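Each chain, written out:
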Amino acid sequence: MRIEEQVVSQLMEKGWHISFAESCTGGLAAASLVGVADASKVLDVSFVTYANEAKMKYLGVKPQTIDTFGVVSEEVAHQMAEGVAKEAGSEVGVGITGVAGPGGGTPAKPVGMVCFGFYIKGLVYTDTVQFGEIGRNAVREQSVVYVYKRLLEFMSAQRGCNEG
């Protein structure tokens with residue numbers, strides 16, 4: 001079973017819904033989920049918020065968070081994940097923001113750096129991964145693989161907990 005199928009299966013088992021707030025992945029994470037036959041049972045809405053203004057308008061990312069930490073930061077990914085979950089009314093929200101390349105990198109935030117936020121039933125987890133200069137589409141694809149691996153870990157850790 002593909003990893004996306006496992007995520008959909010676990011979401012269905014728990015009666016949960018998922019929403020994505022994507023920047024550098026441009027909808028690739030949501031599209032990967034939609035490739036699973038039962039995706040409509042767990043996915044209602046997702047956002048591609050490429051522009052900072054869109055992150056603020058649709059996800060509630062605070063301008064001062066962007067000003068203080070930069071758009072590619074765990075703090076922004078946190079607010080994206082929480083914002084999309086709240087806006088969509090879903091139990092799981094994923095925020096993805098990064099520098100896919102080939103340009104746009106800085107010494108502090110090099111090409112290939114991606115920040116992730118995972119909102120799971122009121123708790124938010126964040127990660128930063130440096131994929132390196134492996135090419136724009138490879139960064140995007142590896143980001144999606146990372147998202148699904150982490151989702152499986154988080155949902156597996158929830159097993160046995162009160163799901164309601």
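Right above here is the structure, for reference.
Residues numbered from 1 in each chain as written. Predicted model: local features only at pLDDT ≥ 70, side-chain atom pairs only at ≥ 80, totals over all residues. Heavy atoms only, no water.

**A look at the packing of aromatic side chains**
Tallied over the full model, the rule gives 6 aromatic pairs. Arranged with centres 6.3 Å apart and planes meeting at 15°, the rings of F116 and F118 form a pair that is stacked. Comparing F116 with F118, the two get one shared label, buried. Seen in terms of ring centroids, Y125 and F154 are 4.5 Å apart; in terms of plane orientation they differ by 20°. Their pairing is stacked. Of the two residues, Y125 is situated in strand β5 (residues 123-130) and F154 in helix α6 (residues 136-157); the sequence distance between them amounts to 29 residues. A relative accessible area of 11% places F154 in the buried class. (Phe/Tyr/Trp six-rings, centres within 6.5 Å; stacked < 30°, edge-to-face > 60°. Buried < 20%, exposed > 50% of the residue type's maximum accessible area, 1.4 Å probe, protein only. Helix = DSSP H or I, 4+ residues; strand = E, 2+ residues; numbered from the N terminus.)

**Regarding the state of the cysteines**
Inspection of every chain in the model, using the stated rule, returns 0 disulfides. The closest cysteine sulfur to the non-disulfide-bonded C24 is located on C115, 8.9 Å from its own sulfur. Accessibility expressed as a relative area gives 1% for C115, which makes it buried. (Disulfide = S-S within 2.5 Å.)

**Things to note about the pattern of salt bridges**
Tallying each qualifying case throughout the model produces 5 salt bridges. Here D38 and K41 are joined by a salt bridge, their closest N and O atoms 3.4 Å apart. For D38, a relative accessible area of 29% corresponds to the partly exposed category. For R150, the salt bridge goes to D127, with nearest N and O atoms at 2.8 Å. One end of the pair, R150, is in helix α6; the other, D127, is in strand β5, and 23 residues separate them in sequence. Looking at R150, the relative accessible area reads 18%, which means it is buried. D127 sits in the buried class, given a relative accessible area of 13%. One salt-bridge network, held together by shared partners, links D127, R150 and E153. (Salt bridge = Lys/Arg side-chain N within 4 Å of Asp/Glu carboxyl O.)

**Describing the environment of E22**
The residue E22 is located in strand β1 (residues 18-22) in this model. A residue is classified by how much of its surface remains accessible, and E22, at 1% relative accessible area, is buried. Taking the C-alpha atoms as reference points, E22 and P107, separated by 85 residues in sequence, lie 23 Å from one another. Setting aside its immediate chain neighbours within four residues, E22 contacts G27, L28, A29, A30, F47, V48, T49, Y50, M80 and I96. (Contact = heavy atoms within 4.5 Å.)

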